[in-house]
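# Commentary on secondary and tertiary structure
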Amino acid sequence: MSRGIAKWPRWVRWTLEGAVALGVVWAIQAWQARDVPAVAPAFSGPAAPEGGLSLEGWRARYPGRPVALYFWAEWCPVCSLQQDSVGRLRADWPVLTIAMQSGDAGAVARTLRARGLDWPTVVDADGSIAARYGLRGVPALVVVDAGGRIRSVAAGYSPEPALRARLWWADRFGGAD
């Protein structure tokens, strides 16, 4: 007579269920990032509240370090849920934010001010920067290593420890060219 899965020890069932759940999450993340290029596309654009920012200039401020690009939108409720995590992440890592389809620089500056955020933000009014990165939605965090290669993409809500782990991994194993 065979024993069914229900008869397995609890820790074995939990381990298997956890592995399946992680596999599903990994598969969804991989599918969402299927069109992301290997090398970070260059971009520049207007910045909120004023001026302009570029990926090249941002990376030059942090030589030898990975940088994060956080794509968000004013109209995105999940982005609002994640903004505190991104704020804390910015205290330890260089994070450049990109406001996708959230209006012009003035509108984005008003949103940042209303939310009490002092984020350096490139305005991607038409979504063209996000499209070059193969992103179809927000929020998304793209980790670019010191050599300019995209090391990971987190699409959708991600817990803060997962975002930190992605940057840590790129810092330790990304390397510069």
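Just above sits the structure.
All of these numbers come straight from a predicted model, not from anything done at the bench. (Residues numbered from 1 in each chain as written. Predicted model: local features only at pLDDT ≥ 70, side-chain atom pairs only at ≥ 80, totals over all residues. Heavy atoms only, no water.)

### Examining the overall build of the chain
When helices and strands are tallied, the chain shows 6 helices and 7 strands. Helices (α) and strands (β) of the chain occur, in sequence order from the N terminus, as α-β-β-α-β-α-β-α-β-α-β-β-α. Oriented by its inertia axes, the alpha-carbon framework of the chain measures out at about 75 × 40 × 30 Å. The long-range share in the chain, meaning contacts at least 24 apart out of those at least 6 apart in sequence, stands at 74%. Accessible surface, the chain: about 9600 Å² in total, of which carbon and sulfur atoms supply 59%. Each charge class in the chain was averaged separately, 20 positive and 15 negative side chains, and the resulting centres sit 10 Å apart. (Helix = DSSP H or I, 4+ residues; strand = E, 2+ residues; numbered from the N terminus. Contact = heavy atoms within 4.5 Å. Areas by Shrake-Rupley, 256 points an atom, 1.4 Å probe, with all protein chains shown as cover. Lys, Arg positive; Asp, Glu negative; His and termini not counted. Charge placed at Lys NZ, Arg CZ, Asp CG, Glu CD.)

### A closer look at the side chain of Thr-97
By the secondary structure assignment, Thr-97 is in strand E4 (residues 95-100). According to the relative accessible area criterion, Thr-97 is buried, its value standing at 0%. A polar contact is formed between the side chain of Thr-97 and the side chain of Thr-121, at a distance of 2.6 Å. Other than its neighbours up to four places away in sequence, Thr-97 contacts Tyr-70, Trp-72, Trp-119, Pro-120, Thr-121 and Val-122. (Buried < 20%, exposed > 50% of the residue type's maximum accessible area, 1.4 Å probe, protein only. Polar contact = N/O pair within 3.5 Å; in protein donor to acceptor, adjacent residues only side chain to side chain.)

### Re the packing of aromatic side chains
Scanning the model with the defined rule gives 8 aromatic pairs in all. Ring centres of Phe-43 and Tyr-133 lie 6.1 Å apart, and the angle between their planes is 75 degrees; on these two criteria the pair is classed as edge-to-face. One end of the pair, Phe-43, is in the loop between helix H1 (10-32) and strand E1 (44-48); the other, Tyr-133, is in the loop between helix H5 (128-132) and strand E6 (140-144), and 90 residues separate them in sequence. Accessibility expressed as a relative area gives 6% for Phe-43, which makes it buried. Given a relative accessible area of 1%, Tyr-133 falls into the buried group. Between Trp-168 and Phe-173, the aromatic rings sit 6.1 Å apart at their centres with planes inclined by 85 degrees, giving edge-to-face as the arrangement. Exposure remark for Trp-168: the relative accessible area of 38% places this residue in the partly exposed category. (Phe/Tyr/Trp six-rings, centres within 6.5 Å; stacked < 30°, edge-to-face > 60°.)

### Comments concerning the pattern of salt bridges
Inspection of the entire model under this criterion finds 7 salt bridges. A salt bridge links Glu-160 to Arg-88; the nearest nitrogen and oxygen atoms lie 2.7 Å apart. Of the two residues, Glu-160 sits in helix H6 (residues 160-173) while Arg-88 sits in helix H3 (residues 77-90), which places them 72 residues apart along the sequence. Accessibility expressed as a relative area gives 43% for Arg-88, which makes it partly exposed. Asp-118 is paired through a salt bridge with Arg-90; the nearest N and O atoms lie 3.1 Å apart. Separated by 28 residues along the polypeptide, Asp-118 in the loop between helix H4 (105-115) and strand E5 (121-124) and Arg-90 in helix H3 bring together distant segments of the chain. The structure contains a network of salt bridges with shared partners spanning Arg-88, Asp-92, Glu-160 and Arg-164. (Salt bridge = Lys/Arg side-chain N within 4 Å of Asp/Glu carboxyl O.)

### Topic: the sheet that holds E5
The strand order across the open sheet built from 7 strands is E2-E1-E5-E4-E3-E6-E7, with neighbouring strands paired in mixed fashion. Because the sheet does not close on itself, it has two edges, and the strands there are strand E2 (52-54) and strand E7 (150-155). Looking at each pair of strands side by side, their axes are set apart by 30 degrees on average, direction ignored. Sheet topology places E4 next to E5; 4 bridges connect them, and they run parallel. The partner of Thr-97 across the bridge, within E5, is Thr-121. On top of the sheet, H4 reaches E1, strand E3 (67-72), E4 and E5; it is set at about 45 degrees to E1, its chief contact. (Pairing = 2+ DSSP bridges. Axes fitted to C-alpha atoms, helices over the stretch in contact; angles between N-to-C directions.)

### Some words on the pairing of E1
Alignment of E1 against E2, held across 3 bridges, turns out to be antiparallel. The residue of E2 that forms the bridge with Gly-45 is Leu-53. The hairpin turn running from E1 into E2, its antiparallel successor, is 3 residues long, and Gly-51 in that turn takes a positive phi close to 90 degrees.

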